[in-house]
Amino acid sequence: MTDPYGKIDQAKLAKLAEVSVQVGLNLQPGQDLVLTAPTTALPLVRQVVAAAYKAGANIVTPILSDDAITLARYESADDASFDCAPNWLYNGMAEAYGNNAARMAISAENPALLSGQDPAKVARAGKANSLAYKPALDHIVNFNINWNITAFPGLAWAKLVFPDLPDDEAVFQLSEAIFAASRINEPDPVAAWAAHNANLKSRTDYLNDQRFHALHYTGPGTDLTIGLADGHEWAGGASDAKNGITCNPNIPTEEVFTTPHAMRVDGYVRATKPLAHQGAVIEDIEVKFVDGRIIEASASKGEAAFIKLLDSDDGARRIGEVALVPHGSPISQSGVLFYNTLFDENAASHIALGQCYTDCFVGGADLSKDQIKAQGGNSSIIHVDWMIGSAEINIDGLDSNGKRTPLFRAGEWAV
Ligand code: ZN
Ligand code: ZN
């Protein structure tokens, strides 16, 4: 049997590890690193661990998951298992982040792993996991520490993206798409990331000068006004974590994003790409918002999983992120549907259901939970991005008097 991973360019894989550690995390000498990844990503895990120790890491702790082990639970575990999660593990992770450990997640899993399982069990397990993980996640969404997500072409994922190719060719094609999107093919990837970060910063500077009151989206199936939170701040590319370290949380990234007002979203919107969430692939989502809350929702496929997601908690029917990505972004132009939010969210403008990034406020570090809520920031145990941008979407910025500034025309920046 041929090794499905045999064709991956090992030099590029080593470069991806280096970029993830140096640009993604900007890992500092003496810092601990907690690394989560599926077992399929072991070739990249090993390279990342090596790059991290070379950068001066103190202790690197990989926490691995495995598709077959995940499925064994759904096949054989007692029903009560699905309301439980390993709290001790997540508490330990929260303690590590509280002690300034950096965090890396390698995304490589099969996006359709749980699509054949009972959606109710998947939702219960997901909810229990989200609740247990919240103390650790808070360190991440609040940017207390430097963190990064990067990707490895797991076989099941590659076969979902390239179903007609032989195993090793599918993995190779996905690996090359990941390398291209992550700017690994540039002669000096670290310098290319510096230039890209400067470009994203010019966009966020413009939007932060404008201080729009709301954004108005129009396109097929879409007429949506998204109010922006009071004192919102746009972010994108590199981020300054509260531990003083500038990191690039997502590799790749093309988006600029901010916090919408949880109570001021009105109209209807149609998703422009499928949403892969916890093993289900949800297609043709259409929702209607009134006063910030989704009051009608449908999907042509995976509707039950989508409704379950909306019912996760009070905040799950409101949005916590709005992000702008031009249709001409390299990931969009690759034409590849990755079935993976890390990539697909960078192919299109998107919104996220659930928790807001509290960092996306002016002086966000000093705001209490009550203040963030008063300014319109949403809170929830979920944060799920879905795509609403395409070459057919126009977006206007509205000031508080309703004056319009064209922001996007036919999916591209108009400013
Ligand atoms: Zn986003
Ligand atoms: Zn998001």
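Use the structure listed above.
The paragraphs below set out a description of the structure included in this document. In this text the structure is predicted, and so the values were computed from the model without any measurement.

**Brief notes about the coordination of the zinc ion (ligand 1)**
Line of reasoning, step 1. In the first shell of the zinc ion (ligand 1), the protein supplies Glu 255 (OE), Glu 321 (OE), Glu 345 (OE) and His 350 (NE2), at 2.0 to 2.4 Å from the metal.
Line of reasoning, step 2. Here the zinc ion (ligand 1) is ringed by four donor atoms whose angles at the metal span 75 to 153°, and the overall shape comes out irregular.
Line of reasoning, step 3. The metal-metal distance between the zinc ion (ligand 1) and the zinc ion (ligand 2) comes to 3.4 Å, with Glu 321 coordinating both. Here Glu 321 is found in strand β16 (residues 319-324), whereas its partner Glu 345 is found in the loop between α11 (341-344) and β17 (350-354), with 24 residues between them in sequence.
Line of reasoning, step 4. Classification of Glu 345 as buried rests on a relative accessible area of 5%.

**Brief notes about the coordination of the zinc ion (ligand 2)**
Line of reasoning, step 1. Listed as protein donors to the zinc ion (ligand 2) are Glu 321 (OE), His 383 (NE2), Asp 385 (OD) and Asp 385 (OD); their distances from the metal cover 2.0 to 2.6 Å.
Line of reasoning, step 2. Here the donor residues for the zinc ion (ligand 2) map to a single chain with the spacing E-x61-H-x1-D.
Line of reasoning, step 3. For His 383, a relative accessible area of 25% puts it in the partly exposed group.

**Digging into the sheet that holds strand β6 (residues 222-228)**
Line of reasoning, step 1. Read across the open sheet, the eight strands follow the order β15-β14-β11-β6-β5-β19-β20-β21; overall the sheet is antiparallel. In this open sheet, the two edge strands, each paired with only one partner strand, are β15 (293-298) and β21 (412-413).
Line of reasoning, step 2. Inspection of the sheet shows strand β5 (residues 214-219) paired to strand β19 (residues 394-398) by five bridges, in the antiparallel sense. By the bridge assignment for β19, Tyr 217 is matched with Ile 395.
Line of reasoning, step 3. This element, helix α9 (residues 303-310), spans β14 (286-290) and β15 of the sheet and lies at about 170° to β15.

**Points about the pattern of salt bridges**
Line of reasoning, step 1. Using the criterion set out here, one finds 14 salt bridges in the structure.
Line of reasoning, step 2. The partner of Lys 159 in a salt bridge is Asp 167, and the shortest N-O contact between them spans 3.2 Å.
Line of reasoning, step 3. Using a relative accessible area of 28% as the deciding quantity, one classes Lys 159 as partly exposed.
Line of reasoning, step 4. Overall, the relative accessible area of 34% leaves Asp 167 in the partly exposed class.

**Regarding the packing of aromatic side chains**
Line of reasoning, step 1. As enumerated under the stated definition, the model contains nine aromatic pairs in all.
Line of reasoning, step 2. Aromatic pair Phe 338 and Phe 343: ring centres 4.6 Å apart, planes at 20°, arrangement stacked. As far as burial versus exposure is concerned, Phe 338 and Phe 343 are alike and both buried.
Line of reasoning, step 3. Through pairs of rings, three or more aromatic residues link up here, namely Trp 157, Phe 338 and Phe 343.
Line of reasoning, step 4. Across the ring face of Trp 193, the terminal group of Arg 183 is positioned such that the distance to the ring centre comes to 5.7 Å.

**Quick notes on the pairing of strand β3 (residues 102-107)**
Line of reasoning, step 1. For β3, a buried count of six out of six residues is recorded, marking the element as mostly surrounded by other parts of the structure.
Line of reasoning, step 2. Here β3 shows no split at all, with Ala 102, Met 104 and Ile 106 on one side and Arg 103, Ala 105 and Ser 107 on the other all buried.
Line of reasoning, step 3. Across four bridges, the pairing between strand β1 (residues 33-38) and β3 is parallel. By the bridge assignment for β3, Val 34 is matched with Arg 103.
Line of reasoning, step 4. Across five bridges, the pairing between β3 and strand β4 (residues 147-151) is parallel. Within the sheet, the bridge partner assigned to Met 104 lies in β4 and is Asn 148.
Line of reasoning, step 5. Note that the unit made of β3, helix α5 (residues 119-141) and β4 has a crossover that is right-handed.

**Thoughts on helix α2 (residues 42-54)**
Line of reasoning, step 1. Here α2 is 13 residues long and its end C-alpha atoms lie 18 Å apart, about the 18 Å a rise of 1.5 Å per residue gives.
Line of reasoning, step 2. Within the sequence span of α2, burial applies to Leu 44, Val 45, Val 48, Val 49, Ala 51 and Ala 52. Around the axis of α2, the buried residues are gathered within 165° of arc, so they sit on the same side. Residues Arg 46 and Lys 54 are exposed on α2 and point more than 90 degrees away from its buried face.
Line of reasoning, step 3. Elements that come into contact with the buried residues of α2 comprise α1 (10-25), β1, β2 (60-65), β3 and β4.
Line of reasoning, step 4. Of the residues flanking the end of α2, it is Gly 56, one or two places downstream, whose phi is positive at about 100°.

**Some words on empty space enclosed by the protein**
Picture a little ball the size of a water molecule; that probe, rolled over the atoms, points out where space is still empty.
Line of reasoning, step 1. For the coordinates displayed, the defined rule picks out three cavities of 30 Å³ or more.
Line of reasoning, step 2. In this structure, the largest cavity encloses a volume near 50 Å³.
Line of reasoning, step 3. Taken together, Val 325, Pro 326, His 327, Ala 347, Ala 348, Ser 349, Gly 389, Ser 390, Ile 393, Ile 395, Phe 408 and Gly 411 make up the full set of residues lining the largest cavity.
Line of reasoning, step 4. Of the residues belonging to the lining of the largest cavity, the class tally is seven nonpolar, five polar and no charged.
Line of reasoning, step 5. As a volume, the second largest cavity reaches approximately 50 Å³.

**What to know about the nonpolar core**
Line of reasoning, step 1. Counting residues in hydrophobic clusters, the biggest one holds 48 residues, and the most contacted among them are Ile 106, Phe 152 and Phe 343.
Line of reasoning, step 2. Mapped onto this core, the elements with two or more residues apiece are α1, β1, α2, β3, α6 (155-161), α7 (167-181) and α11.
Line of reasoning, step 3. Per-domain counts for this core show at least three residues from each of domain 1 (10-181) and domain 2 (210-413).
Line of reasoning, step 4. Residues in contact with Phe 343, not counting those within four places in the same chain, are Ala 151, Trp 157, Ile 178, Ala 181, Pro 252, Ile 331 and Phe 338.
Line of reasoning, step 5. The next biggest cluster of nonpolar side chains, apart from the first, holds 40 residues, and it includes Val 269, Ala 299, Leu 309 and Ile 393.

The rules behind each value
- Residues numbered from 1 in each chain as written.
- Chains lettered and ligands numbered in written order.
- Predicted model: local features only at pLDDT ≥ 70, side-chain atom pairs only at ≥ 80, totals over all residues.
- Heavy atoms only, no water.
- Donors = N, O, S within 2.8 Å, 3.2 Å for Na, K, Ca; no water.
- Tetrahedral: all angles 85-135°; square planar, octahedral: opposite > 155°, others 65-115°.
- Helix = DSSP H or I, 4+ residues; strand = E, 2+ residues; numbered from the N terminus.
- Buried < 20%, exposed > 50% of the residue type's maximum accessible area, 1.4 Å probe, protein only.
- Pairing = 2+ DSSP bridges.
- Contact = heavy atoms within 4.5 Å.
- Axes fitted to C-alpha atoms, helices over the stretch in contact; angles between N-to-C directions.
- Salt bridge = Lys/Arg side-chain N within 4 Å of Asp/Glu carboxyl O.
- Phe/Tyr/Trp six-rings, centres within 6.5 Å; stacked < 30°, edge-to-face > 60°.
- Lys NZ or Arg CZ within 6 Å of the ring centre and 35° of its normal.
- Right-handed = clockwise from strand over helix to strand, strands pointing away.
- Expected span 1.5 Å × (residues − 1).
- Arc of directions from axis to C-beta.
- 1 Å grid on protein atoms, 1.4 Å probe; cavity = no way out; pocket = protein on both sides within 12 Å on 5 of 7 lines; lining within 4 Å.
- Points joined across faces, edges and corners; volume = space filled by probe spheres on them.
- Nonpolar A, V, L, I, M, F, W, Y, C, P; charged D, E, K, R; others polar.
- Core = buried A, V, L, I, M, F, W, Y, C linked by side-chain atoms within 4.5 Å.
- Domains from an automatic or database assignment.

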